[in-house]
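Next come the chains, spelled out residue by residue.
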Amino acid sequence: MHHPQLGDYTSMNTITSYEQEARIGWAPSLDPSSRDLLSKLGVAKEGGHTFTYDLRAADGGGTVVTETYDWSGVEDPNFAKLCPLLSEAQLSETLERIAKEVE
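Residues numbered from 1 in each chain as written. Predicted model: local features only at pLDDT ≥ 70, side-chain atom pairs only at ≥ 80, totals over all residues. Heavy atoms only, no water.

*Asks:* Would you take a moment to explain the side chain of D31 for this structure?
*Replies:* Relative to the helices and strands, D31 resides in the loop between β4 (23–30) and α1 (35–41). Residue D31 is classed as buried on the basis of its relative accessible area, which comes to 17%. Setting aside residues no more than four positions away along its own chain, D31 makes contact with T10, S11 and M12. (Helix = DSSP H or I, 4+ residues; strand = E, 2+ residues; numbered from the N terminus. Buried < 20%, exposed > 50% of the residue type's maximum accessible area, 1.4 Å probe, protein only. Contact = heavy atoms within 4.5 Å.)

Put into structure tokens, the structure is as follows:
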């Protein structure tokens, strides 16, 4: 992973929701091996944000993917200052990469 203010880091993900062929959601957390990032975060406690992809069949074929990035569960105001961790453009780029992979 990469964040402009924090640099490169590794994250771990916990599945938060799953419905076969309809939804997958996950909550990222910092991999303890990312010690450099831990020092950059300082007193900030990361976590409380989730990503969810909802999938539905599109009229005429294909799949409509809706990505939800929710940071409403972030409790630490120091970490909240970093949110959104991804810009709208970055989220769109992710969906574009997925579309290319499944074409």
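*Asks:* I keep staring at the packing of aromatic side chains and nothing clicks. Help me out?
*Replies:* To describe a pair of aromatic rings, one takes the distance between the centres and the angle between the planes. As enumerated under the stated definition, the model contains four aromatic pairs in all. Ring geometry for W26 and F51: centres 5.6 Å apart, planes at 15°, overall stacked. Highlighted residues: W26 in strand β4 and F51 in strand β5 (residues 50–57), separated in sequence by 25 residues. F51 matches W26 in its accessibility class, with the two residues each being buried. Relative to W71, the ring of Y69 lies with its centre 5.0 Å away and its plane at 50°, an arrangement referred to as tilted. W71 gets classed as partly exposed once you look at its relative accessible area, which sits at 34%. Taken together, the ring pairs connect W26, F51, Y53, Y69 and W71 into an aromatic cluster. (Phe/Tyr/Trp six-rings, centres within 6.5 Å; stacked < 30°, edge-to-face > 60°.)

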